2 protein chains.
Amino acid sequence: MGGDLGPHPILSAARRFASSHPQIDIILVAQLDALDISLLSNLPTNLSTFNASDIVLMDDTPATVLRHRQQSSMWKTLELVKSQQVDACVSSGNTGALMAIGRHLLKTYSGIDRPAICKPLPATNGRCYLLDLGANINCTAQQLEQFATMGAVLAQVAEGCARPKVGLLNIGEENIKGVEPVKEAALLLQQNEKINYVGFVEGDDIYTGNVDVVVCDGFLGNIALKVSEGAAKFLAQSIHRLFSNQWYGRFMGLLAAPVVNQFRAKFDPARYNGASLLGLQGTVIKSHGAANELSFYYAIEMAVRHVENQIPQKINAQFTNLYN
Amino acid sequence: MGGDLGPHPILSAARRFASSHPQIDIILVAQLDALDISLLSNLPTNLSTFNASDIVLMDDTPATVLRHRQQSSMWKTLELVKSQQVDACVSSGNTGALMAIGRHLLKTYSGIDRPAICKPLPATNGRCYLLDLGANINCTAQQLEQFATMGAVLAQVAEGCARPKVGLLNIGEENIKGVEPVKEAALLLQQNEKINYVGFVEGDDIYTGNVDVVVCDGFLGNIALKVSEGAAKFLAQSIHRLFSNQWYGRFMGLLAAPVVNQFRAKFDPARYNGASLLGLQGTVIKSHGAANELSFYYAIEMAVRHVENQIPQKINAQFTNLYN
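The sections below set out a description of the structure shown in this document.

Each value, and the rule that gives it
- Residues numbered from 1 in each chain as written.
- Chains lettered and ligands numbered in written order.
- Predicted model: local features only at pLDDT ≥ 70, side-chain atom pairs only at ≥ 80, totals over all residues.
- Heavy atoms only, no water.
- Helix = DSSP H or I, 4+ residues; strand = E, 2+ residues; numbered from the N terminus.
- Contact = heavy atoms within 4.5 Å.
- Areas by Shrake-Rupley, 256 points an atom, 1.4 Å probe, with all protein chains shown as cover.
- Polar contact = N/O pair within 3.5 Å; in protein donor to acceptor, adjacent residues only side chain to side chain.
- Pairing = 2+ DSSP bridges.
- Axes fitted to C-alpha atoms, helices over the stretch in contact; angles between N-to-C directions.
- Disulfide = S-S within 2.5 Å.
- Expected span 1.5 Å × (residues − 1).
- Buried < 20%, exposed > 50% of the residue type's maximum accessible area, 1.4 Å probe, protein only.
- Parallel < 35°, antiparallel > 145°, perpendicular 65-115°, else oblique.
- Left-handed = near helix turned anticlockwise from the far one by under 90°.
- Nonpolar A, V, L, I, M, F, W, Y, C, P; charged D, E, K, R; others polar.
- Core = buried A, V, L, I, M, F, W, Y, C linked by side-chain atoms within 4.5 Å.
- Salt bridge = Lys/Arg side-chain N within 4 Å of Asp/Glu carboxyl O.

Below, the discussion takes up the overall build of chain A. The number of helices and strands found in chain A is eleven helices and ten strands. Contacts spanning at least 24 positions in sequence make up 67% of the contacts within chain A whose residues lie at least 6 apart. Carbon and sulfur atoms make up 50% of the accessible area of chain A, which totals about 14100 Å².

See below:
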């Protein structure tokens, strides 16, 4: 119920995913009487509905949600995860609410103070996993270390790299720079033999391929993500404008279309939709609120991969290993 | 003496600038006996040298510099600004040292606690001025308000916009979000009638053209700048790769060269070289350490524009106006 574009793209994506993946069962948890009934006709057999009598609003605070939204579609979906009736939840609703209900119902694994939001970004020779993206504004050094462990597990499993390189986002590579929790986290990570810690990295290292995981607090991570998205969108628009403004550009635009389309397909933000709420005892994927059908399809795919790869269980194993 | 590539590109840029601007006098402040003497032969008449017996090293801390580097080329240059023998200083050396010596010798104007580093970034329909870019890690609300005033003056004069739109960088547009000094700064800016404050902005707004000035602390600003640079470089390389990897791409690359070169010229980081140390009683421009000849040329040009446009004096006037 939470997408900026309403339930339509989510429903279409679910239909398409269910049709192409007959082995996967999808349950649409929704306030059914608020939906156009025609949207729900002729559902594939592996796509069913589950009625909820309430919804979480985009401006509900986490406190409001925990107190008053226990009948919402978001709450009901996470209850299905908790009772293991489903393996994963995908939502494009209120992030703070998803995090709060997720923590309340699913809990974090032992050794993990707070879940973190993590997303892969395209980088030279692969992908770079950035976390936290906004769940935790102020983080302790210990929390940053936990994020590093969780991000490394995800990069290892999802990208198949044996010892993912982990960096701490900072404003310079010298040890003297940076704020206190980041400096302390560096000391913890240097002593942590389970993590292939490569040191401080700067903002541009997200893209260089020098590291597989970049760790920072949620304030910084959210800014870094939005700046990235903004810069990419601006550059893409600028290229488009050059190829459509002048006669030579227009002519070239036609001829260059195959190359430009390849570029677009590779860096389409839709392909990078889906952020993982890591640290919870269950798979929870947050889709971008403005996700279209294709974007939401990728978010469902991400959830399936998390389940198949047992990401939560592997994170738990790493913490059990580390701290017990 | 401070560029990553040594003094050569700086000297070449100065030569070229002096030759094309006979009305401008340039003084090269350097440890002359460390330079290849042939570099200094046949200087244009408006390009002279000034000997310093020491240099600032890239890993000198501000404290070390203030105590031990009073004979350095950086110190001597800022002394020339202080004594008004020159109108501006351009340096590609140690940023922390430049800031420390600048504050020590030139002082900030009354009403300005700390100088801020500010740089224009390319945006839809113009440029966006981002500050602070790393001079101040932790900022009070008052300091953020001062940065807003300084950035607005620069945008007004340099871009000729009557009432530059100023935003505070945050992780959401809702008032409930963000860290304490940012929230307090929002209240101060709402009450400040001299500033056209438009509210919180997110990372992608740097590029949308919705704001002319984006204000944040130096930790955040430095990360935002580096992430932007990284994303832009990565995308440019990816395009280049597409246009050179396949036969159709290579063919297109040749044909599209005029358009791609136009794009490169427009977004060449060299063109955006030069950051202003705003708030000091004098013009100080920091060039990127890795600046090549063309980049450093643009930094000199920026210094000349600052002097011609009386940026420091106009910032002072704004503060006199505001606070007296």
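That shown, we press on.
As a further point, take the side chain of D60 of chain B. Residue and element names in this part refer to chain B. Along the chain, D60 falls in the loop between strand 2 (47–51) and helix 2 (62–68). Within the local environment of D60, its side chain forms a polar contact with the backbone nitrogen of L57, the two atoms lying 2.8 Å apart. In terms of polar contacts, D60 uses its side chain to reach the side chain of R69, at 2.7 Å.

The subject of this paragraph is the sheet that holds strand 5 (residues 126–131) of chain B. Residues and elements named next belong to chain B. Read across the open sheet, the eight strands follow the order 3-10-9-4-5-8-6-7; overall the sheet is mixed. This sheet does not close on itself; its edge strands, each paired only once, are strand 3 (88–91) and strand 7 (196–201). Mean inter-strand twist for the sheet, computed between neighbouring axes without regard to direction, equals 25°. Where strand 6 (residues 165–169) lies against strand 8 (residues 213–215), three bridges are found, and the strand directions are parallel. The residue bridging G167 from the neighbouring strand is V214, located in strand 8. Helix 6 (residues 180–191) contacts strand 6 and strand 7 of the sheet and is inclined by roughly 155° relative to strand 7.

A few words now on the state of the cysteines. Applying the stated rule across the entire model yields zero disulfides over all chains. Looking at C216 of chain A, it has no disulfide partner, and the nearest cysteine sulfur is the one in C139 of chain A, 8.3 Å off.

Residues and elements named next belong to chain A. What the eight strands build is an open sheet, ordered 3-10-9-4-5-8-6-7; its pairing is mixed. Both edges of this open sheet fall to strand 3 (88–91) and strand 7 (196–201), since each of them pairs with a single strand only. Strand-to-strand twist across the sheet, computed as the mean angle between neighbouring axes with direction ignored, equals 25°. Bridge analysis of strand 6 (residues 165–169) against strand 7 gives five bridges, and the strand direction is parallel. Following the sheet pairing, G167 is matched in strand 7 by G199. Packed onto the sheet, helix 6 (residues 180–191) meets strand 6 and strand 7 and runs at close to 155° relative to strand 7.

The next thing to look at is helix 1 (residues 8–20) of chain B. Residue and element names in this part refer to chain B. Helix length check: helix 1 (13 residues) gives 18 Å between terminal C-alpha atoms against 18 Å at 1.5 Å per residue, within 8%. Listing the buried residues of helix 1 in full gives P9, I10, L11, S12, A13, A14, F17 and A18. Tucked inside the fold, the buried residues of helix 1 contact strand 1 (26–30), strand 2 and helix 10 (293–308).

Let us now look at the packing of helix 1 of chain B against helix 10 of chain B. Residues and elements named next belong to chain B. Viewed as axis vectors pointing N to C, helix 1 and helix 10 meet at an angle of 50°, and their least axial separation amounts to 8 Å. Classed by the angle they form, the pair helix 1 and helix 10 counts as oblique. Helix 10 is crossed by helix 1, and the crossing has right-handed handedness. When helix 1 is examined against helix 10, the residues P9, I10, S12, A13, A14, R16, F17 and S20 are found in contact with a partner set consisting of E293, L294, F296, Y297, I300, E301 and V304. Looking at side-chain class alone, the contact of helix 1 with helix 10 contains ten nonpolar, two polar and three charged residues.

When two helices pack together, their arrangement is given by the angle between the helix axes and by the axis-to-axis distance. Residue and element names in this part refer to chain A. Following both chains from N to C, one finds helix 3 (residues 73–82) and helix 4 (residues 95–106) inclined at 35°, their axes separated by 10 Å at the closest point. Note that helix 3 runs across helix 4; the crossing there is right-handed. Residues M74, W75, L78, E79, V81 and K82 of helix 3 lie in contact with helix 4, whose contacting residues are A97, L98, I101, G102, H104, L105 and L106. When the residues that make up the contact of helix 3 with helix 4 are grouped by side-chain class, the tally is nine nonpolar, two polar and two charged.

In this section: the nonpolar core. The biggest cluster of nonpolar side chains holds 154 residues, and the ones touching the most others in it are L78, L168 and V215 of chain A together with L78, L168 and V215 of chain B. Those residues in contact with L168 of chain B, other than ones at most four positions away along the chain, are V182, A185, A186, L189, Y197, G199, F200, V201 and V215 of chain B.

Quick look at the pattern of salt bridges now. Overall, the coordinates contain 14 salt bridges over all chains when judged by the stated rule. Measuring nitrogen to oxygen at the nearest pair gives 3.6 Å for the salt bridge that ties R305 of chain B to E301 of chain B. One end of the pair is R305 of chain B and the other is E301 of chain B, both in helix 10 and four residues apart, which spans about a single turn. In this structure, a network of salt bridges that share partners links the residues D54, D60 and R69 of chain A.

Here we come to the environment of R114 of chain A. Residues and elements named next belong to chain A. With respect to the helices and strands, R114 occurs in the loop between helix 4 and strand 4 (116–123). Along the primary structure R114 and K76 are separated by 38 residues, whereas in three dimensions their C-alpha atoms are 22 Å apart. Those residues in contact with R114, other than ones at most four positions away along the chain, are R103, T108, A135, N136, Q143, Q146, F147 and M150. One polar contact links the side chain of R114 to the main-chain carbonyl oxygen of A135, over a distance of 3.3 Å. For R114, the side chain forms a polar contact with the side chain of N136, separated by 2.3 Å.

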